[in-house]
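Close look at the chain arrangement
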Amino acid sequence: MDHVPFKHKRTTLERAEKFISPHYFTDINLRSRLYRERGALTSIKHFAVQDRVSLNKALQGHFKKTCIGEAFGPVWSTHWFELEVTIPASWQGQEVHLLWDSGSEALVWVQGQPVQGLNSDSRTSYPLTRKVEASKLHHIVHIEMACNHLFGIGNLALVKPEDDQRTFTLKQAEIALFDRDVYNLILDVETLHDIAKELPDCNQRSYQALYTVNEMINQIEVQDRSTYKRAQEIAQEFFQQTNGESQHTVYAMGHAHIDTAWLWPYDETKRKCARSWSCTLRLMEKYPDFTFVCSQAQQYAWVKQLYPSIWEDICKFVRTGQFVPVGGTWVEMDGNIPNGEACIRQFLYGQNFFQKEFGVKCKEFWLPDTFGYSAQFPQIMRHCGVSRFLTQKLSWSLVNKFPHHTFYWEGIDGSVVLTHFPPGDSYEMKGKVQELLKTIHNFKDKGRSNCSAFLFGYGDGGHGPREDMLGRLERLKDCDGLPKIKLASSDAFFSNIEAERPNRLCRWRGELYLELHNGTYTTWAKVKKYNRQCEILLQETELLCTMAWVQRSMQKSGSTDYHYPKAKLDALWKLLLLNQFHDVLPGSSINMVFHDAINFYKEIVSSCASLINTALRIYHGACTERHSPDLEPFLVNTQPFARREVIKLSHLDSPRPSPKRRKLAGADASLEEDNDATHVEVQIPSYCVKPLSECTIPDQSKSQVTIEREDDQTVLTNDKLKVTMDSLGRVTSLLCYDAVTNRWSQEAIDSVHPANQFLLYDDVPLYWDAWDVMDYHLETRKPIVTPIQRLRVDEDSNPTHVSLEVSLQISDKSYLQQKIILEAGSPFVRFDTEITWHENRKFLKVEFPTTIHATECTYDIQSGFLRRPNHFNTSWDSARFEVCGHKWADLSEHGFGVSVLNNCKYGYSAVDGILRLSLLRSPKSPDFKADMGVHTFSYAVMPHNGSFQEAGVIQAANSFNCPLRVVDLPPLPTDLIEPKEGAGINKSLFEINTSQVLVQTVKMAEDGSPTIIVRLNETFGGSVVATLTSKLKFTDVHVCDGLEDLHNEDKELEWHIRPHYSKGTP
Ligand SMILES: [Zn+2]
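Residues numbered from 1 in each chain as written. Predicted model: local features only at pLDDT ≥ 70, side-chain atom pairs only at ≥ 80, totals over all residues. Heavy atoms only, no water.

Along the backbone of the protein there are 20 helices and 55 strands. By the compact-globule yardstick of 31 Å for 1066 residues, the protein fits well, its C-alpha radius of gyration being 33 Å. Dimensions of the protein, computed from C-alpha atoms along their principal axes, come out at roughly 115 × 65 × 60 Å. Among the 1066 residues that make up the protein, the fraction classed as buried is 63%. Considering only residue pairs separated by 6 or more positions, the protein has 75% of its internal contacts joining residues 24 or more positions apart. Summing over all exposed atoms, the protein offers an accessible surface of approximately 40300 Å²; the carbon and sulfur share of this is 49%. Charged side chains in the protein number 116 positive and 134 negative. The centres of these two groups are separated by 3 Å. (Helix = DSSP H or I, 4+ residues; strand = E, 2+ residues; numbered from the N terminus. Rg over C-alpha atoms; globule rule 2.2 N^0.38 Å. Buried < 20%, exposed > 50% of the residue type's maximum accessible area, 1.4 Å probe, protein only. Contact = heavy atoms within 4.5 Å. Areas by Shrake-Rupley, 256 points an atom, 1.4 Å probe, with all protein chains shown as cover. Lys, Arg positive; Asp, Glu negative; His and termini not counted. Charge placed at Lys NZ, Arg CZ, Asp CG, Glu CD.)

Before going further, it helps to examine a negative patch on the surface. Negative charge collects at one region of the surface, where Glu708, Glu710, Asp711 and Asp712 lie side by side. You can see aspartate 712 is positioned in the loop between strand 27 (706-710) and strand 28 (713-717). (Patch = residues over 30% accessible without salt bridge, like charges linked within 9 Å, V, L, I, M, F, W, Y side chains within 5 Å. Salt bridge = Lys/Arg side-chain N within 4 Å of Asp/Glu carboxyl O.)

Attention shifts here to the environment of glutamate 823. Within the fold, glutamate 823 resides in strand 36 (residues 815-823). Residue class for glutamate 823 comes out buried when judged on its relative accessible area of 18%. It is 76 Å that separates the C-alpha atoms of glutamate 823 and glutamate 17, two residues lying 806 residues apart in sequence. With near-sequence residues (within four places) excluded, glutamate 823 lies in contact with Val646, His679, Val705, Asn718, Thr800 and His801. A polar side-chain atom of glutamate 823 sits 2.7 Å from a polar atom in the side chain of histidine 801. (Polar contact = N/O pair within 3.5 Å; in protein donor to acceptor, adjacent residues only side chain to side chain.)

Turning next to the packing of aromatic side chains. Considering all chains together, one arrives at 52 aromatic pairs under this definition. Ring geometry for phenylalanine 848 and tyrosine 939: centres 6.0 Å apart, planes at 80°, overall edge-to-face. Within this pair, whereas phenylalanine 848 is found in strand 38 (residues 842-849), its partner tyrosine 939 is found in strand 46 (residues 933-945), the two being separated by 91 residues in sequence. Overall, phenylalanine 848 belongs to the buried group, its relative accessible area being 1%. Residue tyrosine 939 is classed as buried on the basis of its relative accessible area of 0%. Summarising the aromatic geometry, the rings of phenylalanine 937 and tyrosine 939 are spaced 6.4 Å apart at their centres and angled 25° between planes, so their arrangement reads as stacked. (Phe/Tyr/Trp six-rings, centres within 6.5 Å; stacked < 30°, edge-to-face > 60°.)

We now examine the nonpolar core. In terms of nonpolar packing, the biggest core is built from 282 residues, with Ile314 and Phe323 touching the most fellow members. The element that contributes the greatest number of residues to this core is helix 14 (residues 525-555), accounting for 13 residues. Once residues within four sequence positions are removed from consideration, phenylalanine 323 is found in contact with Trp277, Leu281, Met284, Phe292, Cys294, Tyr300, Ile314, Phe317 and Val318. The next biggest cluster of nonpolar side chains, apart from the first, holds 17 residues, and it includes Leu390, Leu418, Ile497 and Leu505. (Core = buried A, V, L, I, M, F, W, Y, C linked by side-chain atoms within 4.5 Å.)

Closest axis-to-axis distance for the helix 3 (residues 180-198)/helix 5 (residues 228-239) pair is 10 Å, and the angle between their directions is 40°. As summarised for this structure, helix 3 and helix 5 are arranged oblique, according to the angle between their axes. By crossing handedness, the relation of helix 3 to helix 5 is classed as left-handed. Contact with helix 3, carried on its side by Asp181, Val182, Asn184, Leu185, Asp188, Thr191, Leu192 and Ile195, involves Tyr228, Ala231, Gln232, Ala235, Phe238 and Phe239 of helix 5 and no other residues of that element. Looking at the contact of helix 3 with helix 5, its residues break down into nine nonpolar, three polar and two charged. (Axes fitted to C-alpha atoms, helices over the stretch in contact; angles between N-to-C directions. Parallel < 35°, antiparallel > 145°, perpendicular 65-115°, else oblique. Left-handed = near helix turned anticlockwise from the far one by under 90°. Nonpolar A, V, L, I, M, F, W, Y, C, P; charged D, E, K, R; others polar.)

Summarising the metal site, the zinc ion is bound by the protein donors His257 (NE2), Asp259 (OD), Asp369 (OD) and His582 (NE2), whose distances to it range over 1.9 to 2.2 Å. The coordination sphere of the zinc ion comprises four donor atoms, whose angles at the metal cover 88 to 158°; the geometry is irregular. Each donor residue of the zinc ion belongs to the same chain, with the gaps between them written as H-x1-D-x109-D-x212-H. Here the residue aspartate 369 occupies a position in the loop between strand 16 (364-366) and helix 10 (377-383), and histidine 582 occupies one in the loop between helix 15 (566-579) and helix 16 (591-621), the gap between them amounting to 213 residues. Both residues of the pair, aspartate 369 and histidine 582, count as buried. (Donors = N, O, S within 2.8 Å, 3.2 Å for Na, K, Ca; no water. Tetrahedral: all angles 85-135°; square planar, octahedral: opposite > 155°, others 65-115°.)

Attention now goes to the sheet that holds strand 48 (residues 990-992). Read from one edge of the open sheet, three strands run 48-51-54, paired in antiparallel fashion. Two strands in the sheet have a free side with no partner beyond their single neighbour: strand 48 and strand 54 (1054-1057). For this sheet, the mean inter-axis angle between neighbouring strands, taken without regard to orientation, is 25°. The sheet contact formed by strand 51 (residues 1024-1030) and strand 54 spans four bridges and is antiparallel. Across the sheet, the residue bridging to valine 1025 is histidine 1056, located in strand 54. (Pairing = 2+ DSSP bridges.)

Tracing the backbone through its elements, the reader meets alanine 231 in helix 5. For alanine 231, a relative accessible area of 0% corresponds to the buried category. Sequence-wise, alanine 231 and valine 189 are 42 residues apart; in three dimensions their C-alpha atoms are separated by 9.6 Å. If sequence neighbours within four positions are ignored, alanine 231 has contacts with Leu185, Met216, Gln219 and Ile220.

With seven of seven residues buried, strand 43 (residues 896-902) is to be regarded as a mostly interior element. Residues Phe896, Val898, Val900 and Asn902 line one face of strand 43 and the alternating positions Gly897, Ser899 and Leu901 line the opposite face, and both faces are buried. Both strand 42 (residues 888-893) and strand 43 contribute to a ladder of six bridges, which runs antiparallel. Note that in strand 43 the partner of leucine 891 across the bridge is valine 898. Hairpin geometry of strand 42 and strand 43 is characterised by an intervening segment of two residues between the two adjacent antiparallel strands and by a positive phi of about 85° at glycine 895. As paired elements, strand 43 and strand 46 share seven bridges and run antiparallel to each other. The residue bridging leucine 901 from the neighbouring strand is alanine 940, located in strand 46.

What follows deals with unusual backbone geometry. In this structure, proline 74 follows glycine 73 across a cis peptide bond, with omega equal to -5°. Mapped onto the secondary structure, proline 74 falls in the loop between strand 4 (71-72) and strand 5 (78-86). A cis amide bond links serine 925 with the next residue in sequence, proline 926, at an omega value of 5°. When you line up the elements, proline 926 lands in the loop between strand 45 (914-920) and strand 46. Positive phi is not limited to glycine here, since aspartate 460 has a value of about 75°. Mapped onto the fold, aspartate 460 is located in the loop between strand 20 (451-456) and helix 12 (467-476).

Moving on, we come to the state of the cysteines. Each disulfide consists of one covalent bond between the sulfur atoms belonging to two cysteines. Scanning the model with the defined rule gives zero disulfides in all. The thiol of cysteine 362 is not disulfide-bonded; the next cysteine sulfur, from cysteine 294, is found 9.9 Å away. (Disulfide = S-S within 2.5 Å.)

This part is about the packing of helix 8 (residues 308-319) against helix 9 (residues 340-358). Following both chains from N to C, one finds helix 8 and helix 9 inclined at 85°, their axes separated by 11 Å at the closest point. Considered as vectors, helix 8 and helix 9 are oriented roughly perpendicular to each other. Taken together, the residues of helix 9 that come into contact with helix 8 (itself represented by Trp311, Ile314, Cys315 and Val318) are Phe353, Glu357 and Phe358. For the contact of helix 8 with helix 9, a count of residues per class yields six nonpolar, no polar and one charged.

Right, let's talk about the side chain of asparagine 902 for a bit. The residue asparagine 902 is located in strand 43 in this model. Polar contacts involving the side chain of asparagine 902 include one to the side chain of arginine 532, which spans 3.2 Å. A polar atom in the side chain of asparagine 902 sits 2.7 Å from the backbone nitrogen of lysine 905. Those residues in contact with asparagine 902 that sit more than four places away from it in its chain are Arg532, His886, Lys887, Trp888, Tyr908, Leu917, Ser938, Tyr939, Phe960 and Asn961.

Our next topic: the side chain of threonine 439. As for its position among the elements, threonine 439 is in helix 11 (residues 433-442). For threonine 439, the residues in contact, after removing those within four places along its chain, are Val250, Pro423, Gly424, Met429, Ser452 and Phe454.

Okay, the pattern of salt bridges next. Tallying each qualifying case throughout the model produces 69 salt bridges. Of the charged contacts in the structure, one is a salt bridge between glutamate 511 and arginine 880, with a shortest N-O distance of 3.8 Å. Linking glutamate 511 in the loop between strand 22 (507-509) and helix 14 with arginine 880 in the loop between helix 17 (875-878) and strand 41 (883-884), this pair joins segments that are 369 residues apart in sequence. Taking the shortest distance from any N to any O, the salt bridge between glutamate 847 and arginine 916 comes out at 2.7 Å. Of this pair, glutamate 847 sits in strand 38 while arginine 916 is found in strand 45, placing the two residues 69 residues apart along the sequence.

That's the geometry; what it means functionally is another story.
Quick look at the structure:
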């Protein structure tokens, strides 16, 4: 009888480890038997192309012989291989794999169709046949090799800039006999080893696993396959000891997070989808219980277009419920920067795609990898018919641990969505024991809920689930000591929470702020600027096209020869939405991604210009069949409120002789007149196109600007503001006039610290260069005070528009020029800024130290506002040292406040009454060239009496971002200006009786019917009764949601609207 030794845990664990190790004892251990025999390929032929060409096109090329050891490049090139395979007759009846490792990503093509992705990191085998048949020994296989790996072409660490010199070497190309019994035994041994290791010593199940794996190894004679069966039985006995009923259930979903662009360009993503999803489809064929959740309609659309056979399989498995569309959005967008309308369009285009292609709408919003989540998301989700949300990124927060994994998330209007963070803190699990244990140990809502989600599969660069992951989950699905596992869809998971005891769940109100990656509000400024511009431009284009359609229809009694350019607008919106992907808009991609992004933006800008041009001409031409050669300047207001402001005209546009040239007051004011242009104060109703001559304000003298200069100080005054500046252009005093009391206000600017002070900070993060600005940067504040040109009056100045100019040296490499502008009647001082920027890890901000005593600062967000602390009381407050806001931020105390407006910036910070706007960063990775060069942008400071709502800050910021347009059009015939029906072309399209509610969008309906969609938005944060009036006559009025699904019918255009609420009406 054998002597039974005392079992030492560490040595036993290591014994098991070595038994299946790919590194140790590989000549005799179990893993050495995984591929029992190997054979060379009959031939390998190769054809190189620079572009990503199709197989059919490649086959027209000349394939030449190549061999293992050969290196291929350059980076991003494509290499096609033709492999001739002859399986030895002796391998009949057995499973044979093709083993391929080109140090890169690759796609296997068989009989002209893509069948499975490969990559050197996680998948180097393709099952050529599960069972060799005598008649099928000869195979031709094509491989499409992409000269990049899963994480692009970076070197050393994945967030390093591209290494464009690297090549990719063919390391392995052979066939091998695969032993599935050995494969299964390896998984048994590994899983038992992991249970023994990961469960604590106090848990007897750990020791049961330890003794079981030890017994298995004793049983196996690796050379003798007849010993395998008993070992498998030993493992099975262990795995079949089941859990009790109370055990936590993990809902496991296969997933492949594919970044739509990141360390690779959009075009490579299209191939990543094919590589990843083909692998997943092969697994589905083999494992009918396996479910895979997949987001981003854009990626589906690419695969539909480029890979018909993969698309056919996807459709088949969507029908079986295995391939599960989730998320409902066009792409997984950034969660901070897109505006409200763009967020709605993400859902509109995403859900419409899934509905059209698969007959389903997603029930959850899916955004596992975005850098913080707007407080308006619950409302936007609800507005788009979605009530559930999944992410995990908040687990990355540096300072504070978020207190929940399953909870209700409440938005600014009170909308609530059921929210889950997979407690394993990852969307790329491998089905390992330690991940399952982390999932249950980490889960913060024990007692309130007893289930959690578990997303498994390789991600970021894609590739998705592997067979071994399914093997582990199958072994552990009901194994005592570990959570229960269900392979399921996200719908099944959320439905289970809803069925549990949902009233026990806690509620989180406001934004889900990620305490990391807050440099992404600023990095790649040009992309952010284009994003703001294109968001507004697309909405203007839709409005003007709708107005053209309406006008034409009214002229033609209902029928129109003008076709609303829906297909073109859809295509342009999709380009914008694509660029809002969570590594593009945040600026965290490699340089080549931004080349594509900027080209897409340019296409939006030029196409919108042409659509607007056509729409305005149709709008006007519709009034008359006569075509006049005499053009007249017209003013176009695309905003939903009346405006009064100064515009700049060329002399050609001038509606009257140049204004009387008045001498400016002040010592330096030697300029009396304009050069080539003139400025004129105008007013115009909401949503209106009107002859400029009817918009000019007759007596402009009251609101005009005066200038006084004394010593170092320059004072500009109009009827609303008095601003004092020093010779560096810094604001030393700022007052606003109260027309009710006829007094100047309190001082807005801290007397010790001037405003409009530029600051340079050191900006060296710990790891994620483009993403992160760390709290310690605040300790390196350096004011920029070196003048190149001290403040002087610009030649462009006149009493309607005074412009001062200043230039400052930022460093020996960087400098800035600024025009400080006050215009007649304007409630704000405007700063038009041009910066030449060549820094390395520096952060440029501009500072406004105010006199405001306030606990909170208010920030413009998607379609509303959010209050955040103006102090660092707690770790939660101080971790928000850099936050995201949109067009304005405001510090107010009772009766008085100061707002800062901008036309393309998103980073702010506020503490102790000092408001800072983040301007430029200079990270070097993953894009070495990020933000280098010349930048132009504008911001403004607006002191105000009363609250920001009463003072019109929201309207001012919208106008600031959307200048009035002046266009030359044929003059209008009188009968159309005042037609009998009352629908005069000069009249506003829509008006609302309260400034509290703004029209967010006017567009034609998605379904192509003659229906106008009008989206209203309560902007002040209070209840109100709003009445919409229009020059149009409607036959029906309905309330609809963001997907334009009708909810109920209204008789009147009057609604009670709750705070922050969005309402759509067709
Ligand atoms: Zn991502």
